[in-house]
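Now for the letters of each chain:
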Amino acid sequence: VTSGQTVGLGTGSTVAHLLPALAERGLTDLRCVATSPATAARAQELGIPVEPFERLARLDVAIDGADQVDPAGWLVKGGGGAHTREKIVAAAADRFIVIADHTKLVDKLKPPIPLELLAFGLPATLQNVNPAKLRDVPNSPDGGLIADYQGNVSDPQELATRFDQVPGVVDHGLFPPALTSDVLIARGEEVEHRTPFSD
Ligand code: A5P
């Protein structure tokens, strides 16, 4: 991240380490958007300016964590229920950087896959994403309910397409490899930098 950039800030315990590191850089003229109220509040406490994501159309860079990273670069996100905002921010960024420790690496993606659902028609939507369980958490900042798909994830593209076709699904936590430009994987003191996913 350099001074003057527009930056998307992710959500979660990994991003909680990123924010003070970013604040310490003392960069000027940053314009940041946050993927959750928790990140917005923490960033502002640290002096990182955050503005609503209604004023910016593109971001130079977005940085976030992940729950799972598979060898092809598919991600599962949304452990914290913020995946809809996270995907909007990632898709708006020229460069989407994921920070994960090695425990997030998986040979194959596995459930749960987080879902954000509209309350309207919820029983019908739940049938269409079966098997899924509603999470006992507050609604997302955009009013959606958070559920977890518990079924087979052997073909992430097929499953993502299935979710995309259900009208009551606001978004799901499967992030395709094409969204991600860089994955930084921490193993002890070592950091592996993977960039196999961009065009
Ligand atoms: C939030 O909704 C998630 O997508 C997080 O970005 C992801 O779960 C990683 O979180 P941790 O850094 O807390 O593991």
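Provided above is the structure to which this section pertains.
Residues numbered from 1 in each chain as written. Predicted model: local features only at pLDDT ≥ 70, side-chain atom pairs only at ≥ 80, totals over all residues. Heavy atoms only, no water.

Asker: Mind showing me how you'd approach the overall build of the protein chain here?
Answerer: If you tally the helices and strands in the protein chain, you get five helices and 13 strands. Computed over its C-alpha atoms, the radius of gyration of the protein chain comes to 17 Å, within 12% of the 16 Å expected for a compact globule of 199 residues. Here the C-alpha coordinates of the protein chain stretch approximately 50 × 35 × 30 Å along the principal axes. Here the protein chain, with 199 residues, has 47% of them falling under the buried criterion. Expressed as a percentage of contacts within the protein chain between residues at least 6 apart in sequence, the contacts between residues at least 24 apart total 71%. About 9900 Å² of surface is accessible on the protein chain, with carbon and sulfur atoms providing 52% of the total. (Helix = DSSP H or I, 4+ residues; strand = E, 2+ residues; numbered from the N terminus. Rg over C-alpha atoms; globule rule 2.2 N^0.38 Å. Buried < 20%, exposed > 50% of the residue type's maximum accessible area, 1.4 Å probe, protein only. Contact = heavy atoms within 4.5 Å. Areas by Shrake-Rupley, 256 points an atom, 1.4 Å probe, with all protein chains shown as cover.)

Asker: Sorry if this is basic, but what is going on with the nonpolar core here?
Answerer: One broad rule of soluble globular proteins: the nonpolar side chains tend to lie buried together. In terms of nonpolar packing, the biggest core is built from 19 residues, with I113, F163 and L174 touching the most fellow members. For this core, the secondary-structure elements that each account for two or more residues are β7 (113-117), β9 (145-149) and α5 (156-164). Core analysis: the next-biggest nonpolar cluster, separate from the first, contains 18 residues, V33, A62, A90 and A93 among them. (Core = buried A, V, L, I, M, F, W, Y, C linked by side-chain atoms within 4.5 Å.)

Asker: For this particular structure, what's the right way to read α5?
Answerer: A turn of α-helix holds 3.6 residues, and therefore any two residues three or four places apart point the same way. Among all positions of α5, only P156, L159, A160 and F163 are buried. Buried residues in α5, looked at end-on, bunch into an arc of 100°, giving them a common side. Of the surrounding elements, those touching the buried residues of α5 are β7, β9, β10 (169-172) and β11 (174-175). (Arc of directions from axis to C-beta.)

Asker: Would you take a moment to explain the site of the ligand for this structure?
Answerer: The ligand sits among 16 residues. The nearest are T11, S13, T14, D67 and E86. Between D64 and the ligand, the recorded distance is 3.2 Å, taken from a side-chain N or O atom to an oxygen atom. K104 places a side-chain nitrogen or oxygen 2.7 Å from an oxygen atom of the ligand. For the ligand, the accessible surface in isolation is 380 Å², of which the surrounding protein chains cover 90%. For the shell around the ligand, a count of residues per class yields two nonpolar, nine polar and five charged. (Near = heavy atom within 4 Å. Polar contact = N/O pair within 3.5 Å; in protein donor to acceptor, adjacent residues only side chain to side chain. Nonpolar A, V, L, I, M, F, W, Y, C, P; charged D, E, K, R; others polar.)

Asker: Help me understand the sheet that holds strand β3 (residues 59-64), please; the structure alone is not making it clear to me.
Answerer: With respect to topology, six strands assemble into an open sheet ordered β2-β1-β3-β6-β12-β13, the strand pairing being mixed. With one partner strand each, in any of the chains shown, β2 (31-34) and β13 (190-194) form the two edges of the open sheet. For this sheet, the mean inter-axis angle between neighbouring strands, taken without regard to orientation, is 20°. With three bridges joining them, strand β1 (residues 6-9) and β3 adopt parallel strand pairing. Looking at the pairing, G8 lines up with A62 of β3. Taken strand by strand, helix α3 (residues 83-92) contacts β1, β2, β3 and β6 (93-101), and its axis lies near 130° from that of β6. (Pairing = 2+ DSSP bridges. Axes fitted to C-alpha atoms, helices over the stretch in contact; angles between N-to-C directions.)

Asker: I'm lost on the sheet that holds strand β4 (residues 68-69) in this one. Help?
Answerer: Each strand in a sheet pairs with another by means of backbone hydrogen bonds, the pair being arranged parallel or else antiparallel. Spatially, the three strands line up as an open sheet ordered β4-β5-β11, and their pairing is antiparallel. Of all the strands in the sheet, just β4 and β11 have a single pairing partner and so form its edges. Where strand β5 (residues 75-76) and β11 come together, two bridges link them in antiparallel fashion. Bridging from a neighbouring strand, L75 pairs with F175 of β11.

Asker: Just checking my understanding: could you explain a nonpolar patch on the surface for this structure?
Answerer: Judged by side-chain polarity, L118, F120 and V170 come together as a nonpolar surface patch covering roughly 330 Å² of accessible area. Position of V170 among the secondary structure elements: in strand β10. We classify V170 as partly exposed; its relative accessible area is 36%. (Patch = residues over 30% accessible without salt bridge, like charges linked within 9 Å, V, L, I, M, F, W, Y side chains within 5 Å. Salt bridge = Lys/Arg side-chain N within 4 Å of Asp/Glu carboxyl O.)

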